[in-house]
Amino acid sequence: MNTVYMDNNATTKTDPQVREEMLPYFCDLYGNPSSMHSFGGQVGQKINQARESVTNLLKCKSSEIIFTSGGTESDNAAIMGTLSSYPQRRKIITSRVEHPAVLTTCKELENRGYTIAEIPVDRDGRFDMDIFAHELDDNTAIVSIMWANNETGVIFPVEQIAKMCKQKNVPFHTDAVQAVGKIPVNLEKNNIDMLSISGHKFHGPKGIGVLYVRKGTRLSPFILGGHQEHGRRAGTENTASIVGLGKACELAEKYMHEENTRVKAMRDRLEKGILKSCPDCMVNGCTDSRLPNTTNISFEYIEGEAILLMMDRFKICASSGSACTSGSLEPSHVLRAMGIPFTAAHGSIRFSLSRYNTEEEVDFIIDKMPPIIKRLRELSPFIKV
Ligand code: PLP
(Lines give C-alpha, C1' and ligand atoms only; values in the text may rest on other atoms or scores of the structure.)
Protein backbone atom coordinates (compact mmCIF):
# COMPACT_ATOMS: atom_id res chain seq x y z
CA MET A 1 0.00 0.00 0.00
CA ASN A 2 1.28 3.47 -0.92
CA THR A 3 0.96 6.43 1.43
CA VAL A 4 -2.56 6.63 2.84
CA TYR A 5 -3.19 10.33 3.21
CA MET A 6 -5.99 11.22 5.63
CA ASP A 7 -4.71 14.60 6.79
CA ASN A 8 -6.64 16.77 4.36
CA ASN A 9 -7.61 19.41 6.93
CA ALA A 10 -3.87 20.14 7.22
CA THR A 11 -3.42 20.40 3.47
CA THR A 12 -4.59 18.69 0.30
CA LYS A 13 -3.01 17.30 -2.83
CA THR A 14 -2.96 19.91 -5.60
CA ASP A 15 -5.33 18.61 -8.25
CA PRO A 16 -3.34 17.79 -11.44
CA GLN A 17 -5.82 19.93 -13.42
CA VAL A 18 -4.95 22.85 -11.13
CA ARG A 19 -1.24 22.28 -11.75
CA GLU A 20 -1.77 22.15 -15.53
CA GLU A 21 -3.69 25.41 -15.44
CA MET A 22 -0.91 27.09 -13.44
CA LEU A 23 2.12 25.95 -15.44
CA PRO A 24 2.02 28.50 -18.31
CA TYR A 25 2.00 31.35 -15.79
CA PHE A 26 5.54 30.63 -14.58
CA CYS A 27 7.76 30.77 -17.68
CA ASP A 28 5.59 31.60 -20.69
CA LEU A 29 2.86 33.99 -19.57
CA TYR A 30 4.94 35.83 -16.99
CA GLY A 31 3.77 39.38 -17.76
CA ASN A 32 2.71 41.73 -14.99
CA PRO A 33 -1.09 42.01 -15.00
CA SER A 34 -0.76 45.76 -14.26
CA SER A 35 1.36 46.45 -17.36
CA MET A 36 -0.06 48.48 -20.25
CA HIS A 37 1.05 45.95 -22.92
CA SER A 38 -1.16 43.14 -24.04
CA PHE A 39 1.43 40.53 -22.91
CA GLY A 40 0.68 41.55 -19.32
CA GLY A 41 -2.97 42.27 -20.11
CA GLN A 42 -3.69 38.66 -21.05
CA VAL A 43 -2.52 37.63 -17.56
CA GLY A 44 -4.85 40.26 -16.11
CA GLN A 45 -7.71 38.70 -18.05
CA LYS A 46 -6.88 35.27 -16.66
CA ILE A 47 -6.90 36.70 -13.14
CA ASN A 48 -10.36 38.13 -13.80
CA GLN A 49 -11.45 34.71 -15.00
CA ALA A 50 -10.14 33.16 -11.76
CA ARG A 51 -12.01 35.81 -9.79
CA GLU A 52 -15.19 34.78 -11.61
CA SER A 53 -14.61 31.14 -10.60
CA VAL A 54 -14.33 32.22 -6.95
CA THR A 55 -17.56 34.22 -7.21
CA ASN A 56 -19.35 31.24 -8.79
CA LEU A 57 -18.38 29.06 -5.85
CA LEU A 58 -19.24 31.63 -3.17
CA LYS A 59 -22.20 33.25 -4.98
CA CYS A 60 -21.01 36.83 -4.67
CA LYS A 61 -19.77 39.71 -6.89
CA SER A 62 -16.28 39.76 -8.37
CA SER A 63 -15.61 43.22 -6.88
CA GLU A 64 -16.05 41.64 -3.44
CA ILE A 65 -13.06 39.28 -3.87
CA ILE A 66 -9.55 40.20 -2.67
CA PHE A 67 -6.74 37.73 -3.35
CA THR A 68 -4.41 37.26 -0.36
CA SER A 69 -1.54 34.97 0.60
CA GLY A 70 -3.88 32.51 2.36
CA GLY A 71 -6.24 31.95 5.25
CA THR A 72 -3.95 33.48 7.86
CA GLU A 73 -3.58 36.77 5.98
CA SER A 74 -7.31 36.92 5.23
CA ASP A 75 -8.15 36.44 8.92
CA ASN A 76 -5.61 39.08 9.99
CA ALA A 77 -6.75 41.53 7.31
CA ALA A 78 -10.43 41.20 8.22
CA ILE A 79 -9.94 41.70 11.95
CA MET A 80 -7.17 44.32 11.88
CA GLY A 81 -8.70 46.17 8.93
CA THR A 82 -12.10 46.59 10.56
CA LEU A 83 -10.99 48.10 13.85
CA SER A 84 -9.99 51.52 12.51
CA SER A 85 -13.48 51.96 11.06
CA TYR A 86 -14.96 51.75 14.55
CA PRO A 87 -12.34 53.44 16.77
CA GLN A 88 -14.76 54.01 19.63
CA ARG A 89 -15.65 50.29 19.90
CA ARG A 90 -13.25 48.30 22.09
CA LYS A 91 -14.51 44.73 22.11
CA ILE A 92 -13.89 41.77 19.78
CA ILE A 93 -15.99 38.60 19.96
CA THR A 94 -14.58 35.29 18.82
CA SER A 95 -14.74 31.66 19.99
CA ARG A 96 -12.42 29.58 22.14
CA VAL A 97 -11.85 27.08 19.36
CA GLU A 98 -10.69 29.34 16.51
CA HIS A 99 -7.55 28.68 14.51
CA PRO A 100 -4.41 30.47 15.84
CA ALA A 101 -4.69 32.83 12.82
CA VAL A 102 -7.64 34.41 14.67
CA LEU A 103 -6.80 33.68 18.30
CA THR A 104 -3.23 35.01 18.14
CA THR A 105 -4.43 38.15 16.35
CA CYS A 106 -6.99 38.67 19.11
CA LYS A 107 -4.34 38.08 21.77
CA GLU A 108 -2.20 40.82 20.20
CA LEU A 109 -5.20 43.16 20.18
CA GLU A 110 -5.84 42.36 23.84
CA ASN A 111 -2.28 43.54 24.53
CA ARG A 112 -3.23 46.77 22.74
CA GLY A 113 -6.18 47.34 25.06
CA TYR A 114 -9.11 45.57 23.39
CA THR A 115 -11.43 43.32 25.37
CA ILE A 116 -11.68 39.88 23.83
CA ALA A 117 -14.81 37.81 24.48
CA GLU A 118 -14.08 34.17 23.63
CA ILE A 119 -17.41 32.33 23.37
CA PRO A 120 -17.21 28.82 24.87
CA VAL A 121 -18.37 25.55 23.30
CA ASP A 122 -20.08 22.59 24.94
CA ARG A 123 -18.81 19.02 25.34
CA ASP A 124 -19.77 18.32 21.71
CA GLY A 125 -17.99 21.41 20.41
CA ARG A 126 -21.21 23.38 19.79
CA PHE A 127 -21.09 27.18 19.92
CA ASP A 128 -22.91 28.75 22.89
CA MET A 129 -25.50 31.06 21.29
CA ASP A 130 -26.85 32.32 24.63
CA ILE A 131 -23.50 33.60 25.82
CA PHE A 132 -22.90 35.09 22.37
CA ALA A 133 -26.23 36.95 22.43
CA HIS A 134 -25.33 38.29 25.86
CA GLU A 135 -21.88 39.52 24.72
CA LEU A 136 -22.98 41.15 21.46
CA ASP A 137 -23.36 44.87 22.19
CA ASP A 138 -22.73 48.40 20.85
CA ASN A 139 -19.12 48.26 22.01
CA THR A 140 -18.34 45.33 19.66
CA ALA A 141 -16.02 46.31 16.79
CA ILE A 142 -16.07 42.91 15.06
CA VAL A 143 -17.28 39.34 15.54
CA SER A 144 -15.07 36.62 14.06
CA ILE A 145 -16.42 33.06 14.30
CA MET A 146 -15.22 30.13 12.20
CA TRP A 147 -17.62 28.29 9.88
CA ALA A 148 -16.22 24.81 10.58
CA ASN A 149 -13.65 23.68 13.09
CA ASN A 150 -10.40 22.30 11.67
CA GLU A 151 -9.91 19.69 14.43
CA THR A 152 -13.38 18.28 14.95
CA GLY A 153 -15.18 19.37 11.78
CA VAL A 154 -18.05 20.79 13.89
CA ILE A 155 -20.03 23.36 11.89
CA PHE A 156 -21.12 26.58 13.61
CA PRO A 157 -24.42 28.41 12.88
CA VAL A 158 -22.63 31.30 11.19
CA GLU A 159 -25.63 32.40 9.16
CA GLN A 160 -27.66 32.87 12.34
CA ILE A 161 -24.73 34.64 14.02
CA ALA A 162 -24.35 36.93 10.97
CA LYS A 163 -28.04 37.83 11.16
CA MET A 164 -27.74 38.79 14.82
CA CYS A 165 -24.67 40.93 14.03
CA LYS A 166 -26.51 42.66 11.20
CA GLN A 167 -29.37 43.55 13.57
CA LYS A 168 -26.84 45.19 15.91
CA ASN A 169 -24.87 46.82 13.08
CA VAL A 170 -21.70 44.90 14.04
CA PRO A 171 -19.40 43.62 11.23
CA PHE A 172 -19.20 39.83 11.03
CA HIS A 173 -16.24 37.86 9.71
CA THR A 174 -16.06 34.09 9.35
CA ASP A 175 -12.98 31.94 8.89
CA ALA A 176 -14.42 29.55 6.31
CA VAL A 177 -11.07 27.96 5.47
CA GLN A 178 -12.32 24.46 6.34
CA ALA A 179 -15.84 24.93 5.01
CA VAL A 180 -15.33 26.23 1.47
CA GLY A 181 -15.03 23.42 -1.04
CA LYS A 182 -16.58 20.91 1.38
CA ILE A 183 -20.04 22.32 2.04
CA PRO A 184 -22.16 24.79 0.05
CA VAL A 185 -21.60 28.47 0.78
CA ASN A 186 -24.04 31.03 -0.61
CA LEU A 187 -23.18 34.62 0.23
CA GLU A 188 -26.25 35.94 -1.60
CA LYS A 189 -28.44 34.31 1.01
CA ASN A 190 -26.81 35.40 4.25
CA ASN A 191 -25.50 38.47 6.10
CA ILE A 192 -21.83 37.52 6.33
CA ASP A 193 -19.71 40.67 5.80
CA MET A 194 -16.28 39.06 5.42
CA LEU A 195 -15.11 35.51 4.79
CA SER A 196 -11.66 33.89 4.57
CA ILE A 197 -10.69 31.02 2.30
CA SER A 198 -7.44 29.20 1.59
CA GLY A 199 -6.50 27.46 -1.67
CA HIS A 200 -4.51 24.56 -0.27
CA LYS A 201 -7.43 23.23 1.78
CA PHE A 202 -9.40 22.26 -1.32
CA HIS A 203 -6.84 20.97 -3.82
CA GLY A 204 -5.49 24.37 -4.85
CA PRO A 205 -1.95 25.66 -4.31
CA LYS A 206 -0.48 26.78 -0.98
CA GLY A 207 0.13 30.47 -0.22
CA ILE A 208 -2.99 31.78 -1.90
CA GLY A 209 -6.35 32.70 -0.41
CA VAL A 210 -9.24 35.09 -0.63
CA LEU A 211 -10.85 37.61 1.63
CA TYR A 212 -14.44 38.18 0.60
CA VAL A 213 -15.66 41.65 1.62
CA ARG A 214 -19.34 42.40 1.11
CA LYS A 215 -20.01 45.62 -0.82
CA GLY A 216 -20.42 48.49 1.64
CA THR A 217 -18.33 46.88 4.41
CA ARG A 218 -15.82 49.31 5.90
CA LEU A 219 -12.30 47.84 5.73
CA SER A 220 -8.87 49.51 5.80
CA PRO A 221 -6.19 47.89 3.64
CA PHE A 222 -3.88 45.62 5.61
CA ILE A 223 -0.94 45.71 3.17
CA LEU A 224 -0.07 49.12 1.74
CA GLY A 225 1.69 49.87 -1.54
CA GLY A 226 0.50 49.69 -5.15
CA HIS A 227 -3.05 49.83 -6.46
CA GLN A 228 -3.54 46.07 -6.93
CA GLU A 229 -6.87 44.56 -5.86
CA HIS A 230 -8.39 48.09 -6.13
CA GLY A 231 -5.95 49.38 -3.52
CA ARG A 232 -7.23 46.91 -0.94
CA ARG A 233 -4.21 44.54 -0.99
CA ALA A 234 -1.00 45.87 -2.46
CA GLY A 235 1.71 43.78 -4.15
CA THR A 236 2.17 42.24 -7.59
CA GLU A 237 -0.36 39.44 -7.95
CA ASN A 238 0.71 35.83 -7.36
CA THR A 239 -0.56 35.07 -10.84
CA ALA A 240 0.07 31.33 -11.15
CA SER A 241 -1.46 30.66 -7.73
CA ILE A 242 -4.47 32.87 -8.42
CA VAL A 243 -5.06 30.93 -11.65
CA GLY A 244 -4.70 27.68 -9.66
CA LEU A 245 -7.12 28.86 -7.00
CA GLY A 246 -9.67 29.72 -9.68
CA LYS A 247 -9.39 26.21 -11.13
CA ALA A 248 -9.66 24.67 -7.64
CA CYS A 249 -12.91 26.64 -7.11
CA GLU A 250 -14.29 25.33 -10.41
CA LEU A 251 -13.44 21.76 -9.41
CA ALA A 252 -14.82 22.24 -5.90
CA GLU A 253 -18.21 23.16 -7.39
CA LYS A 254 -18.05 20.09 -9.58
CA TYR A 255 -17.07 17.66 -6.79
CA MET A 256 -19.12 19.13 -3.93
CA HIS A 257 -21.81 16.51 -4.25
CA GLU A 258 -19.22 13.73 -4.18
CA GLU A 259 -17.60 15.32 -1.13
CA ASN A 260 -20.97 15.15 0.61
CA THR A 261 -21.83 11.58 -0.40
CA ARG A 262 -18.90 9.29 -1.30
CA VAL A 263 -16.34 10.96 0.99
CA LYS A 264 -18.86 11.19 3.82
CA ALA A 265 -19.76 7.50 3.43
CA MET A 266 -16.07 6.55 3.61
CA ARG A 267 -15.58 8.75 6.68
CA ASP A 268 -18.60 7.14 8.38
CA ARG A 269 -17.39 3.63 7.57
CA LEU A 270 -13.89 4.42 8.85
CA GLU A 271 -15.31 5.87 12.07
CA LYS A 272 -17.68 2.94 12.69
CA GLY A 273 -14.96 0.42 11.86
CA ILE A 274 -12.52 1.93 14.34
CA LEU A 275 -15.11 2.36 17.11
CA LYS A 276 -16.15 -1.26 16.66
CA SER A 277 -12.69 -2.80 16.63
CA CYS A 278 -10.87 -0.64 19.21
CA PRO A 279 -12.17 -0.62 22.80
CA ASP A 280 -12.27 2.58 24.87
CA CYS A 281 -12.48 5.09 22.08
CA MET A 282 -14.98 7.82 21.24
CA VAL A 283 -15.71 10.49 18.65
CA ASN A 284 -15.05 14.12 19.63
CA GLY A 285 -17.52 16.69 18.34
CA CYS A 286 -21.22 16.49 17.52
CA THR A 287 -21.89 14.14 14.63
CA ASP A 288 -25.10 15.81 13.43
CA SER A 289 -23.48 19.07 12.29
CA ARG A 290 -20.05 18.17 11.01
CA LEU A 291 -17.93 18.45 7.87
CA PRO A 292 -18.40 15.38 5.68
CA ASN A 293 -14.70 14.54 5.60
CA THR A 294 -13.61 14.80 9.25
CA THR A 295 -13.61 12.50 12.26
CA ASN A 296 -11.74 13.13 15.49
CA ILE A 297 -11.38 9.99 17.61
CA SER A 298 -9.96 9.71 21.12
CA PHE A 299 -8.19 6.52 22.13
CA GLU A 300 -8.15 6.49 25.91
CA TYR A 301 -4.96 6.00 27.94
CA ILE A 302 -2.48 6.46 25.11
CA GLU A 303 -0.80 9.42 23.50
CA GLY A 304 -1.80 10.74 20.10
CA GLU A 305 1.78 11.30 19.01
CA ALA A 306 2.69 7.68 19.79
CA ILE A 307 -0.29 6.52 17.72
CA LEU A 308 0.79 8.75 14.83
CA LEU A 309 4.32 7.33 14.94
CA MET A 310 3.00 3.76 14.80
CA MET A 311 0.62 4.72 11.97
CA ASP A 312 3.53 6.28 10.13
CA ARG A 313 5.20 2.86 9.95
CA PHE A 314 2.28 1.81 7.74
CA LYS A 315 2.51 5.12 5.81
CA ILE A 316 -0.83 6.29 7.22
CA CYS A 317 -0.97 10.10 7.59
CA ALA A 318 -3.34 11.77 10.07
CA SER A 319 -3.05 14.37 12.85
CA SER A 320 -3.04 14.36 16.61
CA GLY A 321 -4.95 16.69 18.91
CA SER A 322 -1.96 17.13 21.18
CA ALA A 323 1.14 19.11 20.43
CA CYS A 324 4.52 18.72 22.04
CA THR A 325 5.33 22.01 23.74
CA SER A 326 8.40 22.33 25.96
CA GLY A 327 8.72 18.61 26.34
CA SER A 328 5.21 18.02 27.68
CA LEU A 329 2.29 16.83 25.59
CA GLU A 330 -0.46 19.45 25.77
CA PRO A 331 -3.94 18.55 24.50
CA SER A 332 -5.17 20.97 21.84
CA HIS A 333 -6.99 24.17 22.88
CA VAL A 334 -10.05 22.89 20.99
CA LEU A 335 -10.37 19.64 22.95
CA ARG A 336 -9.61 21.48 26.20
CA ALA A 337 -12.36 24.04 25.43
CA MET A 338 -14.76 21.12 24.91
CA GLY A 339 -13.84 19.71 28.32
CA ILE A 340 -12.67 16.37 26.93
CA PRO A 341 -11.09 14.44 29.84
CA PHE A 342 -7.29 14.53 29.96
CA THR A 343 -6.86 10.79 29.26
CA ALA A 344 -9.00 11.03 26.13
CA ALA A 345 -7.80 14.42 24.84
CA HIS A 346 -4.21 13.16 24.84
CA GLY A 347 -4.99 10.23 22.63
CA SER A 348 -6.99 12.00 19.96
CA ILE A 349 -6.44 11.44 16.26
CA ARG A 350 -8.01 13.45 13.44
CA PHE A 351 -8.66 11.64 10.19
CA SER A 352 -9.61 14.03 7.37
CA LEU A 353 -10.48 12.55 4.00
CA SER A 354 -10.69 13.88 0.46
CA ARG A 355 -11.97 12.81 -2.94
CA TYR A 356 -8.62 11.08 -3.51
CA ASN A 357 -9.21 8.50 -0.76
CA THR A 358 -10.43 5.01 -1.62
CA GLU A 359 -12.44 2.24 0.03
CA GLU A 360 -9.26 0.11 0.09
CA GLU A 361 -7.53 2.77 2.16
CA VAL A 362 -10.44 2.80 4.61
CA ASP A 363 -10.17 -1.02 4.92
CA PHE A 364 -6.42 -0.74 5.41
CA ILE A 365 -6.77 1.69 8.33
CA ILE A 366 -9.59 -0.30 9.94
CA ASP A 367 -7.31 -3.32 9.76
CA LYS A 368 -4.18 -1.62 11.11
CA MET A 369 -5.62 0.44 13.99
CA PRO A 370 -6.60 -2.35 16.47
CA PRO A 371 -3.09 -3.88 16.73
CA ILE A 372 -1.53 -0.39 16.99
CA ILE A 373 -3.87 0.60 19.82
CA LYS A 374 -3.48 -2.76 21.58
CA ARG A 375 0.31 -2.56 21.43
CA LEU A 376 0.43 1.02 22.77
CA ARG A 377 -1.99 0.20 25.59
CA GLU A 378 0.28 -2.66 26.65
CA LEU A 379 3.05 -0.08 27.01
CA SER A 380 0.91 2.69 28.53
CA PRO A 381 1.60 3.93 32.07
CA PHE A 382 -2.09 5.03 32.36
CA ILE A 383 -3.56 1.72 31.46
CA LYS A 384 -6.05 -0.05 33.69
CA VAL A 385 -5.74 -3.62 32.28
N1 PLP B 1 -8.12 28.89 9.53
C2 PLP B 1 -8.35 27.57 9.64
C3 PLP B 1 -9.65 27.09 10.23
C4 PLP B 1 -7.38 26.65 9.21
O5 PLP B 1 -7.63 25.34 9.35
C6 PLP B 1 -6.18 27.14 8.68
C7 PLP B 1 -5.11 26.20 8.27
O8 PLP B 1 -4.88 25.18 8.90
C9 PLP B 1 -5.99 28.52 8.56
C10 PLP B 1 -6.99 29.37 8.99
C11 PLP B 1 -4.75 29.10 7.96
O12 PLP B 1 -4.76 29.03 6.56
P13 PLP B 1 -3.42 29.17 5.72
O14 PLP B 1 -2.64 27.92 5.92
O15 PLP B 1 -3.87 29.34 4.30
O16 PLP B 1 -2.72 30.39 6.21
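Our structure is the block above this text.
Notes on the structure follow. (Residues numbered from 1 in each chain as written. Predicted model: local features only at pLDDT ≥ 70, side-chain atom pairs only at ≥ 80, totals over all residues. Heavy atoms only, no water.)

## Thoughts on the site of the ligand
Then, number 1: Residues in contact with the ligand amount to 13 residues; listed here are only the nearest, Thr72, Asp175, Gln178, Ser198 and Lys201.
Then, number 2: At 2.9 Å, a side-chain N or O of His200 approaches an oxygen atom of the ligand.
Then, number 3: Computed on the free molecule, the ligand has an accessible area of 390 Å², of which 85% lies beneath the protein chains in the complex.
Then, number 4: For the shell around the ligand, the leading source of residues is helix α4 (residues 71-83), giving 3 residues.
Then, number 5: Classifying every residue of the shell around the ligand gives 2 nonpolar, 8 polar and 3 charged. (Near = heavy atom within 4 Å. Polar contact = N/O pair within 3.5 Å; in protein donor to acceptor, adjacent residues only side chain to side chain. Areas by Shrake-Rupley, 256 points an atom, 1.4 Å probe, with all protein chains shown as cover. Helix = DSSP H or I, 4+ residues; strand = E, 2+ residues; numbered from the N terminus. Nonpolar A, V, L, I, M, F, W, Y, C, P; charged D, E, K, R; others polar.)

## Some words on the environment of Arg267
Then, number 1: The topology assignment puts Arg267 in helix α8 (residues 239-277).
Then, number 2: When its relative accessible area of 2% is taken as the criterion, Arg267 is described as buried.
Then, number 3: In this structure, the C-alpha to C-alpha distance between Arg267 and Thr294, residues 27 residues apart in sequence, is 6.9 Å.
Then, number 4: Once you skip the residues sitting within four places of it in the chain, Arg267 turns out to touch Arg290, Leu291, Pro292, Asn293, Thr294, Thr295 and Leu353. (Buried < 20%, exposed > 50% of the residue type's maximum accessible area, 1.4 Å probe, protein only. Contact = heavy atoms within 4.5 Å.)

## Concerning the side chain of Asp175
Then, number 1: Here Asp175 lies in strand β6 (residues 172-175).
Then, number 2: Although Asp175 lies buried, it forms no salt bridge, and the closest oppositely charged side chain, Lys201, sits 8.8 Å away as judged by the N-O distance.
Then, number 3: Among the polar contacts listed, one links the side chain of Asp175 to the backbone nitrogen of Val177, at a separation of 3.0 Å.
Then, number 4: In contact with Asp175, other than residues within four places in its own chain, are Asp75, Glu98, His99, Val102, Ile145, Met146, Trp147, Ala148 and Ser196. (Lys, Arg positive; Asp, Glu negative; His and termini not counted. Salt bridge = Lys/Arg side-chain N within 4 Å of Asp/Glu carboxyl O.)

## Comments concerning unusual backbone geometry
Then, number 1: Of note, the phi angle at Asp280 is positive, near 55°, even though the residue is not glycine.
Then, number 2: You will see that Lys315, though not glycine, has its phi angle at about 60°, which is positive.
Then, number 3: Relative to the assigned elements, Lys315 resides in the loop between α9 (304-313) and β11 (316-317).
Then, number 4: Using a relative accessible area of 41% as the deciding quantity, one classes Lys315 as partly exposed.

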